[in-house]
2 protein chains.
Amino acid sequence: MDYFNEIGELGLGSRLKRLSDRLMSDAQSVYTEFELPIQPKWFSLLAMLRAKHSVSVVDASERLGLSQPALSQFCRQLLDEKLIELAADDKDARKKIMQLSAKGIVVLENVQPVWAGVEKAAIELSKEEGNDFYQAVLAFESSLSRKSLLERTKEHLQATKNEEIVFLPFEKKLSSFFNVINTEWVEDMFVLEDIDKKVLQQPEENIIKQGGHIWFAKHALYGIVGTCALLKTGEGEFELTKMGVLSSMRGQKIGEKLLQYVIEQAKAMKVKKLYLLTNKKCESAIHLYEKLGFVHCEKIMQTYGGHYERCNVAMRYQSNT
Amino acid sequence: MDYFNEIGELGLGSRLKRLSDRLMSDAQSVYTEFELPIQPKWFSLLAMLRAKHSVSVVDASERLGLSQPALSQFCRQLLDEKLIELAADDKDARKKIMQLSAKGIVVLENVQPVWAGVEKAAIELSKEEGNDFYQAVLAFESSLSRKSLLERTKEHLQATKNEEIVFLPFEKKLSSFFNVINTEWVEDMFVLEDIDKKVLQQPEENIIKQGGHIWFAKHALYGIVGTCALLKTGEGEFELTKMGVLSSMRGQKIGEKLLQYVIEQAKAMKVKKLYLLTNKKCESAIHLYEKLGFVHCEKIMQTYGGHYERCNVAMRYQSNT
DNA sequence: ATCATTTATATAATCAATTATGTAAATGAT
DNA sequence: ATCATTTACATAATTGATTATATAAATGAT
């Protein structure tokens, strides 16, 4: 079964690639079948030389929409086959003017009937289902040259790009995000321990069902890009933990907005004690905690510091209102 | 200026290639612009994994219309990026079942909005000129799968393939054929001498204007494939010379038909003496001459043999009627 | 059960294009 | 007139796919 039917217009590029490969390979077979002494890749250049008599390398590359090195190579190959000859330009000594040799003229004349057959077949194919595929291609190309796919895509996405971050509460289907976003930064700074894996892989069991909370930061364009949890460690006592932002999205204040949101939620829930345990290596995080109202606290360290191997910093939220 | 507009449907394959390259490169730019951590070439596989959950390598290659090694490589690359995981098949230990990893699921979710933007842009582009380009592509694909371009081309050419050879008298625009066809075999057997070049490059001056004749054999499918000249060397005296058939067309009795035709023409012109000068190396040609009524002749050798450096065989046509 | 054939995947070699870069000639601003 | 920039082309390195081929597992005929 053909999967491209299921992804629709989104797969148009790959689909066209497949289509053109099919046509090109059929053309290749025609050349083989009728033992024509030319390669299909030369086709457009040879057709042009037949009609226009002479072109320079760069000129041809522009007209055919191929790179200059590609034409430079065709030129050499056709020279080897003696199908073309080079002439100098009167005004510009850098230019190489390609033109058909006597042999080239003869070969092309003789290839003509086969090309005519391919053309008839292509026209038949193009018109078979009522509409004219060839005309549709021309129309599509002209739409494309008015405004490229990239520009159009950007326009469609621009609107969403600057939308605010929104925050979502835990849902089962978001579990993977909690795991992946945290795994990324923990592995980056420490070694992922078994206790980490357990919590990250089963956040529902280990956080939510224990009375804790998890939130996610969602960007309109990039989806879920950050997460943060509150682990319940006693009545009205919560440890802020597993806060992370995708590395590709850092530097956009997403962490700050997320932390702010979590603090607001904690306040709304009338949390009595909000604290966190971390490590000196996490400098930028600590800087952020300090900025939003967490203060270093020896008492917290003594009470909870032992829970984690890598803990050497403990902070408590100090409401400044 | 775009040369493809001038060659029409014949250039459809190359044109579609260019079009798909443009779309793919735009897609590439979208990925770069929005810093998505996936490569465009993975797109169709990832889209499939997102929808279908799991596929084997060969299964995916068939559904996507790519080769198995291509999918095998995508599989490795996606494994390196940790976007997929491999599972074993219960029944077949050879199979590798690909499925998205937790990271893969997260990345794909986050890529989703961008894909949606590309899709919107593609739909817009496809429908901009009234008709629906996407639908036209589907229709074209279905026509193609009913009967390929190759099959259709063969059908169109089959009719002409078995048509008879026809013979044409000299025309200025056919000069190149006289030159190229003869140059090919002469260079193959001997060294092309200055006298050869002169006659071949200017057949009108050196043969026609001297009262001689040139004919060409034309194949319906392959065009001009053979040529032969009668050089006037006296009143009612003609030397049969410069007879050649394109090497790619040998073994199809074209030489025989051509020689037969030239002999008929000579008879119709009431030629008194028809002879030829050649070299022992040209065995198959000599065999043909003998078959059609030429006999070895010492007198011809003495009279005309000195004209050519490489002449060591002389023959005269002996009408057998 | 055994052996030949087929199937699933991997690896190597190849191909047709690209991008990046270098060289020489032409252009154009000072 | 001179020098920096641009243009035309060539060459090297790279990419993204292919075809050809090898290996191991499964299938199926005897």
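Residues numbered from 1 in each chain as written. Chains lettered and ligands numbered in written order. Predicted model: local features only at pLDDT ≥ 70, side-chain atom pairs only at ≥ 80, totals over all residues. Heavy atoms only, no water.

1. Brief notes about the protein's contact with DNA strand D
The immediate surroundings of DNA strand D are formed by 20 residues, with V58(A), S72(A), R94(A), K96(A) and S67(B) found nearest. Of what DNA strand D places within 4 Å of the protein, 64% of the atoms are sugar or phosphate. Q68(A) is positioned with one of its side-chain polar atoms (N or O) 2.8 Å from a base nitrogen of DNA strand D. At the level of elements, α4 (57–64) and α5 (68–80) of chain A together with α5 (68–80) of chain B are the ones that each hand at least two residues to the surface near DNA strand D. For the surface near DNA strand D, the leading source of residues is α5(B), giving four residues. When grouped by side-chain class, the residues that make up the surface near DNA strand D number eight nonpolar, five polar and seven charged. (Near = heavy atom within 4 Å. Polar contact = N/O pair within 3.5 Å; in protein donor to acceptor, adjacent residues only side chain to side chain. Helix = DSSP H or I, 4+ residues; strand = E, 2+ residues; numbered from the N terminus. Nonpolar A, V, L, I, M, F, W, Y, C, P; charged D, E, K, R; others polar.)

2. Structural notes on the pattern of salt bridges
Using the criterion set out here, one finds 38 salt bridges over all chains in the structure. Where R152(A) meets E128(B), a salt bridge forms, and the shortest distance between an N and an O atom there is 2.8 Å. Pair noted here: R152(A) is in helix α8 (residues 149–161) and E128(B) is in the loop between α6 (102–127) and α7 (133–146), and the two residues belong to different chains. Taking the relative accessible area as the measure of exposure, R152(A) reaches 2% and is therefore buried. Residue classification places E128(B) among the partly exposed residues on the basis of a relative accessible area of 34%. One salt bridge connects E237(B) with K273(B), and the closest N-O pair in it is separated by 3.9 Å. Here E237(B) is found in strand β7 (residues 237–245), whereas its partner K273(B) is found in strand β8 (residues 273–278), with 36 residues between them in sequence. (Salt bridge = Lys/Arg side-chain N within 4 Å of Asp/Glu carboxyl O. Buried < 20%, exposed > 50% of the residue type's maximum accessible area, 1.4 Å probe, protein only.)

3. A few points about the interface of chain A and chain B
Listed per partner, the contact involves 89 residues of chain A and 89 residues of chain B. In this assembly, chain A packs against chain B so that about 9300 Å² is buried in total across both faces, 68% of it on carbon and sulfur atoms. There are 14 salt bridges connecting chain A and chain B. With 18 residues, the single largest contributor to the side of chain A that touches chain B is helix α6 (residues 102–127) of chain A. Its residues assigned to classes, the side of chain A that touches chain B comprises 46 nonpolar, 21 polar and 22 charged. (Contact = heavy atoms within 4.5 Å. Buried area = accessible area lost by both parts, 1.4 Å probe.)

4. Quick notes on unusual backbone geometry
Residue and element names in this part refer to chain A. With a phi angle near 60 degrees, K82 is a residue other than glycine that sits in the positive phi range. Turning to its location among the elements, K82 is positioned in the loop between α5 and β2 (84–88). The phi dihedral of K253 falls on the positive side, at around 60 degrees, and the residue is not glycine. Along the chain, K253 falls in the loop between β7 (237–245) and α12 (254–268).

5. Some thoughts on the domain arrangement of chain A
For chain A, the domain assignment lists domain 1 (34–146) and domain 2 (161–317). Domain 1 of chain A and domain 2 of chain A are separated by 62 Å when their C-alpha centres are compared. (Domains from an automatic or database assignment.)

6. Section: the packing of α8(A) against α6(B)
Closest axis-to-axis distance for the α8(A)/α6(B) pair is 8 Å, and the angle between their directions is 125 degrees. One finds that α8(A) runs oblique with respect to α6(B). Between α8(A) and α6(B) the crossing geometry is right-handed. Here L149(A), R152(A), T153(A), H156(A) and L157(A) of α8(A) lie close against α6(B), whose contacting residues are P113(B), V114(B), G117(B), V118(B), K120(B), A121(B), A122(B), E124(B) and L125(B). (Axes fitted to C-alpha atoms, helices over the stretch in contact; angles between N-to-C directions. Parallel < 35°, antiparallel > 145°, perpendicular 65-115°, else oblique. Left-handed = near helix turned anticlockwise from the far one by under 90°.)

7. Remarks on the protein's contact with DNA strand C
DNA strand C sits among 20 residues. The nearest are S67(A), V58(B), S72(B), R94(B) and K96(B). Restricting attention to atoms of DNA strand C within 4 Å of the protein, one finds that 66% of them are sugar or phosphate atoms. At 2.4 Å from a phosphate oxygen of DNA strand C is found a side-chain nitrogen or oxygen belonging to S72(B). Contact between DNA strand C and K96(B): a phosphate oxygen at 2.3 Å from a side-chain N or O atom of the residue.

8. Thoughts on α6(B)
Look at α6(B): 37 Å from first C-alpha to last across 26 residues, which is about the 38 Å you get at 1.5 Å a residue. The largest bend in α6(B) amounts to roughly 40 degrees and is located at Q112(B), with the proline P113(B) lying one to four residues further along. (Expected span 1.5 Å × (residues − 1). Bend = angle between axes of the 7 residues up to and from the residue.)

9. Things to note about the relation of the copies chain A and chain B
With an RMSD of 0.1 Å, the operation that places chain A on chain B is a rotation of 180 degrees combined with a shift of 0.1 Å along the axis. On the angle and the small slide along the axis, the relation comes out as a two-fold axis. Take the interface residues of chain A: 99% of them recur as interface residues in chain B, which is what a same-surface contact looks like. (Least-squares fit on C-alpha atoms with pLDDT ≥ 70 in both.)

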